[in-house]
Amino acid sequence: MKTNMAILRGTASALAALSLSGCLTAGPDPEDPYEDFNRQMFAFNEGLDQSVLEPLAHGYRTVTNEPVREGVGNFANNLNEPLTFVNHVLQGKLPDAGATFSRFVINSTVGIAGIFDPASTMGVQRTQEDFGQTLGTWGVQPGPYLVLPVLGPTNPRDLVGKGGDMALNPLNYPEFESDDEIRLGIAALGGINAREGAIEVVEELRNQVDPYTTVRRLYGRTRAEDIGIPYVEPNNAEEVPEDELDF
Amino acid sequence: MKYKSALAAIAMLAAASPAAFADKKSEAYVQANANSVLSVLNDKSISASAREKKFGDYMNQFANMPSIARRVIGANAQGLSEPEFQRYYKAFETYALEVYQVHFDQFRGEAIRVTGSKDNGAQRSTVESLIRSSTTGKDTKVYWDVLLSKDGTSYRVRDVGIELGGSTLWLAQEQAAQFINYLDRNNGDIDKLIGRINVLLADMEARKKDGRGSAYKG
């Protein structure tokens, strides 16, 4: 039964993504048709972050030093390498898939279960791919921008991608004693470590006139870059009004 | 006859595609003025407040700040009375200069190299340049959206685009997205926007005083 858990979670996530847009009422802004809903979720996530995650991240920073945090980050990244490998293969990037496979083998052995990153020292640099990116390279459009509780910024394509990631990650399948608890613990530690690394970035985002808009634009731009689609800013298409030329 | 037709065809093509030409005057304007602005940030012979003042003066010569202030609030600018605009402009200018200073600070001590330009019509061109980022140590592409005045005598920068990853972050355009959305969510109330800007300015000031540095890391 447990072997089917990852597939079930993935399917549930994909179904949620497909049905969600149908449950919401679209607004007038084509860039963000579910803005009202999204802003409510953004505020909810902000509250959750400020009351739980941010204090945890600061506490974690206090009780750990830089090498420990780097080791935890390396360990979490190493566990994602099989997923990156699968997505490289699905995107037909076989040399990258080979490099990712080498990284996983080197770091899991010489790097002691991925705590160290000797592969980067050897010149095999880390790449990161997920199934949302794979769908993007296959030409699947992102769909409307969404902010979901806990999950944060996403879109239907990337939400289906998250489901795909759970189902495609080979490390989700082996069964052993307390496997679900161990996976959950590793995910929680990786999450706190990542949140600690983002303390300054989140602070910068909060110091914007409209943090919601900044995050939305940043998400769209970053995902387009990850997929390899240049993010087109309409700056040059904009007509300059006559009065701007009076100086 | 064939020779004349060929000449006419070339002339027509040239007239139909003005975007294909570089604009050397805009390039020279950016080369000279951008380096002046960046050199101010590295001027250790003056105090921090004098440096900020000088940076602001240069930016006001280099860019049309009141015009940028109007543009970043979109159609909301049309409904503002002059006193309302002046109150908003005072807050905007201080805020924008602070944000630009932090973005440009990553190029402190470096000289820009103009690498080309593209005409976007008779009054506008995009100048491309490379600047070494002291943060990453790598060359960063910086684009300058330059306008030529109606009377053809002077130039002003309209927006600055910094390449991040594979995309370009246009600073004024980014501000416009936020300012316009903020106003839309607050019934176009300019005082709410001024209030929000002042909260951010107070935070910047507090950070400077207690040594935390800017929240805007560029």
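Residues numbered from 1 in each chain as written. Chains lettered and ligands numbered in written order. Predicted model: local features only at pLDDT ≥ 70, side-chain atom pairs only at ≥ 80, totals over all residues.

Caption draft 1: Quick peek at the overall build of chain B. Summing up its helical and strand segments, chain B has seven helices and five strands in all. Counting from the amino terminus, chain B carries its helices and strands in the arrangement α-α-α-α-α-β-β-β-β-β-α-α. Relative to its 218 residues, chain B shows a buried fraction of 35%. Counted over contacts in chain B with a minimum sequence separation of 6, partners at least 24 positions apart contribute 54%. (Helix = DSSP H or I, 4+ residues; strand = E, 2+ residues; numbered from the N terminus. Buried ≥ 20, exposed ≤ 12 C-beta atoms within 10 Å, placed from the backbone. Contact = placed C-beta atoms within 7 Å.)

Caption draft 2: Representation of the overall build of chain A. Looking only at helices and strands, chain A has ten helices and two strands in total. Helices (α) and strands (β) of chain A occur, in sequence order from the N terminus, as α-α-α-α-α-α-β-β-α-α-α-α. Every one of the 247 residues in chain A was classed for burial, and the buried ones make up 31%.

Caption draft 3: Inspection of unusual backbone geometry at higher detail. All names here are of chain A. Even without being glycine, Ile112 reaches a positive phi, approximately 50°. Following the sequence through the fold, Ile112 ends up in the loop between α4 (94-109) and α5 (118-121). Positive phi, normally seen in glycine, also occurs at Ser178, with a value near 55°. Locating Ser178 in the fold gives a position in the loop between α7 (156-168) and α8 (179-197). The class of Ser178 is exposed, set by 9 C-beta atoms lying within 10 Å.

Caption draft 4: Geometry of the sheet that holds strand β3 (residues 139-148) of chain B. Residues and elements named next belong to chain B. A sheet is described by the order of its strands in space; here five strands give the open sequence β1-β2-β3-β4-β5, paired in antiparallel fashion. Every interior strand has two partners, whereas the edge strands, β1 (113-119) and β5 (167-170), have only one. Between one strand axis and the next, the sheet turns through 30° on average, direction left out of account. Pairing geometry for β1 and strand β2 (residues 124-132), over six bridges, is antiparallel. Bridged to Lys118 within β2 is Thr126. Against the sheet, helix α6 (residues 171-185) contacts β4 (155-164) and β5, and its axis sits at roughly 70° relative to β5. (Pairing = 2+ DSSP bridges. Axes fitted to C-alpha atoms, helices over the stretch in contact; angles between N-to-C directions.)

Caption draft 5: Broad picture of the interface of chain B and chain A. Counting residues at the interface gives 32 residues for chain B and 23 residues for chain A. Broken down by secondary-structure element, the contributors of at least two residues to the side of chain B that touches chain A are β2, β3, β4, β5, α6 and α7 (190-210) of chain B. For the side of chain B that touches chain A, the leading source of residues is α6 of chain B, giving six residues. Taken together, the residues of the side of chain B that touches chain A break down into nine nonpolar, 15 polar and eight charged. (Nonpolar A, V, L, I, M, F, W, Y, C, P; charged D, E, K, R; others polar.)

Caption draft 6: Geometry of the environment of Asn77 of chain A. Relative to the helices and strands, Asn77 of chain A is located in helix α3 (residues 66-90). A sequence separation of 51 residues divides Asn77 of chain A from Gln128 of chain A, and the C-alpha atoms of the two residues are 8.9 Å apart.

Caption draft 7: A look at the packing of helix α5 (residues 82-105) of chain B against α7 of chain B. Residue and element names in this part refer to chain B. Between α5 and α7, the least distance of the axes is 10 Å, while the angle of their chain directions is 30°. As the angle between them shows, α5 and α7 are arranged roughly parallel. The two elements α5 and α7 meet at a crossing, and its hand is left-handed. Packed against α5, whose contacting residues are Glu84, Arg87, Tyr88, Ala91, Phe92, Thr94, Tyr95 and Glu98, the element α7 presents Ile190, Leu193, Ile194, Ile197, Asn198, Leu200, Leu201 and Met204 at the interface. Tallied by class, residues from the contact of α5 with α7 come to eleven nonpolar, two polar and three charged. (Parallel < 35°, antiparallel > 145°, perpendicular 65-115°, else oblique. Left-handed = near helix turned anticlockwise from the far one by under 90°.)

Caption draft 8: Representation of α3 of chain A. Residue and element names in this part refer to chain A. Its 25 residues give α3 an end-to-end C-alpha distance of 35 Å, which sits within 8% of 36 Å, the value for a rise of 1.5 Å per residue. In the structure, α3 departs most strongly from a straight axis at Glu81, where the bend amounts to approximately 35° and where the proline Pro82 lies between one and four residues downstream. For α3, the set of buried residues is Val72, Asn74, Phe75, Asn78, Asn80, Glu81, Leu83, Thr84, Phe85, Val86, Asn87 and His88. Contacts from the buried residues of α3 go to α4, α6 (131-137), α7 and α8. (Expected span 1.5 Å × (residues − 1). Bend = angle between axes of the 7 residues up to and from the residue.)

Caption draft 9: Geometry of the pairing of β2 of chain B. All names here are of chain B. Between β1 and β2, which pair antiparallel one after the other, the connecting turn spans four residues, and Gly121 there sits at a positive phi close to 110°. Sheet analysis places β2 next to β3, joined by nine bridges and oriented antiparallel. What sits directly across from Leu130, in β3, is Lys141. Remark: six residues form the turn of the hairpin made by β2 and β3, two consecutive strands paired antiparallel; Gly137 in that turn has positive phi of roughly 75°.

Caption draft 10: The arrangement of the nonpolar core in detail. Counting 49 residues, the largest nonpolar core has Val30, Val37, Val142, Trp144, Val146, Phe179 and Leu193 of chain B as its most contacted members. For this core, the element with the highest residue contribution is α5 of chain B, accounting for seven residues. Residue contacts for Trp144 of chain B: discarding those within four places in its chain leaves Val30, Thr126, Val127, Ser129, Val157 and Val160 of chain B. Membership of the second largest hydrophobic core comes to ten residues, among which are Val86, Ala97, Val160 and Leu168 of chain A. (Core = buried A, V, L, I, M, F, W, Y, C linked by C-beta atoms within 7 Å.)

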